[in-house]
Amino acid sequence: MRVGSGFDLHRLAVGRRLVLGGVELPWDMGLVGHSDADVICHALIDALCGAAGIGDIGTLFPDDDPKYKDVRSLDLLREVADHCRRAKWAVENVDVTLLAQVPRLAPYREAIRNNLAGVLGIDPGAVGLKATTTDHVGPLGNGEALAAQAVVLLREVP
Ligand code: MG
């Protein structure tokens, strides 16, 4: 077994789309980034990279590469999960925490879990997804940014 952890944060701005776990949430603000700035997928990618020992999201998908401009991060997550599988690492389970004052995650939780399970090749039951506010404290608490942290467990496939 191998464990990995990941963290990501992106700034919120008016006029950007808000994409979390590949699901677009209807909101008047979104995350700023070279890609779709999907913090959930980015944290999971880094967790997978850490567990598999294959660098990090910045080395795999440089944010100055035009190829990744506005790219769907769920597709990048699928790419990394496929890479792990080829290296004989199967995903056992993942657990994600979204740090956000707003919006509420609950209405979109199942859609996001299903998306993540689909690209990771695991049962939705093996995808943990929680959200917490930061009690209005700091840049996450006052709506300047959203962040996510993730833990993954990989199992060596014989
Ligand atoms: Mg990121």
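It should be noted that the structure appears before, not after, this text.
Let me sum up the structure you'll find in this document. As a convention, each chain's residues are numbered from 1 in the sequence order in which they are written. Whole-chain, interface and lining totals are the exception, using all residues; otherwise, since this is a predicted model, local features are given only for residues with pLDDT of at least 70 and side-chain atom pairs are given and counted only at 80 or more. Water and hydrogen atoms were dropped before computing side-chain values, which therefore reflect all heavy atoms in the structure.

**A few points about the layout of surface pockets**
Cavities and pockets were defined on a 1 Å grid built from protein atoms only: a cavity is a group of points that admits a 1.4 Å probe but offers it no way out, a pocket is an open group of points flanked by protein on both sides within 12 Å along at least five of seven lines, and a lining residue is one with an atom within 4 Å of any such point. Grid points are joined across faces, edges and corners, and a volume is the space filled by probe spheres set on the points. Of the volumes computed, that of the largest pocket is approximately 220 Å³. Every residue lining the largest pocket is listed: D8, H10, H34, S35, H42, I57, G58, F61, P62, D63, Y68 and L76. Broken down by secondary-structure element, the contributors of at least two residues to the lining of the largest pocket are β1 (2-14) and α2 (57-60). The class makeup of the residues in the lining of the largest pocket is five nonpolar, five polar and two charged. Of the pockets and cavities examined, the second largest pocket occupies roughly 160 Å³. Forming the walls of the second largest pocket are L98, A100, Q101, V102, P103, R104, L105, A106, R109, A131, T132 and T133. Under the DSSP-based scheme used, a helix requires at least four consecutive residues in state H or I and a strand at least two consecutive residues in state E, with every element numbered from the N terminus. Only Asp, Glu, Lys and Arg are considered charged, only Ala, Val, Leu, Ile, Met, Phe, Trp, Tyr, Cys and Pro nonpolar, and every remaining residue, Gly among them, polar.

**A short note on the coordination of the magnesium ion**
Each pair of donors in an ideal octahedron of six around a metal sits at 90 or 180 degrees, and each pair in an ideal tetrahedron of four sits at 109.5 degrees. Bound to the magnesium ion on the protein side are D8 (OD), H10 (NE2) and H42 (ND1), at distances that span 2.2 Å. Metal sites are built from N, O and S donor atoms within 2.8 Å, or 3.2 Å for Na, K and Ca, and they leave out water, so they may look incomplete. If you list the donors of the magnesium ion from N- to C-terminus, the spacing comes out as D-x1-H-x31-H. On the criterion of sequence distance, the pair formed by H10 in strand β1 and H42 in helix α1 (residues 39-52) is long-range, its members being 32 residues apart. For the pair H10 and H42, one class covers both residues: buried. Relative accessibility thresholds used throughout: buried, under 20% of the residue-type maximum; exposed, over 50%; partly exposed, between the two (1.4 Å probe, protein chains only).

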